[in-house]
Amino acid sequence: MDSAAANEQQAGQPHSYTFSKEEHLCHKRLISLLFAKGSSFNLYPLRFVYYTPQDLPPGQTQVLISVSKRYFKRAVDRNRLKRQMREAYRLNKHLLLQHPDQAPRLLGILYIGKEKKSFHSIQKKLISGLERCLNK
């Protein structure tokens, strides 16, 4: 390990900005558990649903990202918004990694707006939402 990577680890900085497959929430059982028992709040244009089940071992937060087909009929528009949301989460997930004991294990981020927003506004709301998830 080189000195730059060692300094990042000592400073508590994440040494990777990846969004790996293990971080994606894909299991139908966990998704239904998230929406059945999870808490939620809105920060327009995003809705956050979060839950920490007792039987799930501690580890990384698994994230579900969704955009409604109701308001965005064209797949191109939905995919663009999902890509922007994934990128904003990838760049700011260190907020959750700094407090692993307070971070939710299951997190759903849904785009509930009816119009397309800029990446900057999505990122700003996502940061606020992640901080609010930690404080609850």
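Residues numbered from 1 in each chain as written. Predicted model: local features only at pLDDT ≥ 70, side-chain atom pairs only at ≥ 80, totals over all residues. Heavy atoms only, no water.

The name that an unreviewed UniProt entry assigns to the chain is Ribonuclease P protein component, with the source organism given as Pontibacter flavimaris. Recorded under Sequence similarities (unreviewed entry), the UniProt text for the chain is reproduced unchanged: "Belongs to the RnpA family." In UniProt, the chain has this text filed under Catalytic activity (unreviewed entry): "Endonucleolytic cleavage of RNA, removing 5'-extranucleotides from tRNA precursor." (UniProt positions renumbered as here; feature names shortened; annotations may be inferred.)

*Asks:* What is the right way to read unusual backbone geometry from this model?
*Replies:* Most peptide bonds take the trans form, and the phi angle of most residues other than glycine is negative. A cis amide bond links Tyr-44 to the next residue, Pro-45, at an omega of 10°. Summarising the element assignment, Pro-45 is placed in the loop between β1 (39–43) and β2 (46–51). (Helix = DSSP H or I, 4+ residues; strand = E, 2+ residues; numbered from the N terminus.)

*Asks:* How should the sheet that holds β1 be read in this particular structure?
*Replies:* One key point about sheets: their strands pair by backbone hydrogen bonds, in either a parallel or an antiparallel sense. Reading across from one edge, β1-β2-β4-β3 is the order of the four strands in this open sheet, with mixed pairing throughout. Strand pairing shows two members of the sheet lacking a second neighbour, β1 and β3 (62–67), which therefore form its edges. This sheet shows a mean twist of 15° between the axes of neighbouring strands, independent of strand direction. Pairing geometry for β1 and β2, over five bridges, is antiparallel. Following the sheet pairing, Ser-40 is matched in β2 by Val-49. Sitting on the sheet, helix α3 (residues 75–92) is in contact with β2, β3 and β4 (106–111), with an inclination near 150° to β3. (Pairing = 2+ DSSP bridges. Axes fitted to C-alpha atoms, helices over the stretch in contact; angles between N-to-C directions. Contact = heavy atoms within 4.5 Å.)

*Asks:* What's the story with the nonpolar core in this structure? I'm lost.
*Replies:* In a soluble, globular protein the nonpolar side chains are often hidden away together inside. Counting 25 residues, the largest nonpolar core has Phe-48, Met-85, Tyr-89, Leu-107, Ile-109, Tyr-111 and Leu-126 as the members making the most contacts within it. At the level of elements, β1, β2, β3, α3, α4 (94–97), β4 and α5 (119–135) are the ones that each hand at least two residues to this core. Sort the elements by how many residues they give to this core and α5 lands first, with five residues. Within the second largest apolar cluster, nine residues are counted, among which are Leu-30, Val-49, Tyr-51 and Leu-64. (Core = buried A, V, L, I, M, F, W, Y, C linked by side-chain atoms within 4.5 Å. Buried < 20%, exposed > 50% of the residue type's maximum accessible area, 1.4 Å probe, protein only.)

*Asks:* Explain the packing of aromatic side chains to me, please; I cannot follow it from the model alone.
*Replies:* To describe a pair of aromatic rings, you give the distance between the ring centres and the angle between the ring planes. Counting across every chain of the model gives four aromatic pairs. Taking the centre distance of 5.2 Å and the plane angle of 15° together, the rings of Phe-41 and Phe-48 count as stacked. Here Phe-41 matches Phe-48 in class, with each residue buried. Three or more aromatic residues link up through ring pairs in this structure, and these residues are Phe-41, Phe-48 and Tyr-50. (Phe/Tyr/Trp six-rings, centres within 6.5 Å; stacked < 30°, edge-to-face > 60°.)

*Asks:* What's the story with the environment of Ser-66 in this structure? I'm lost.
*Replies:* As for its position among the elements, Ser-66 is in strand β3. Sequence separation of Ser-66 and Lys-82 is 16 residues, and the distance between their C-alpha atoms is 6.6 Å.

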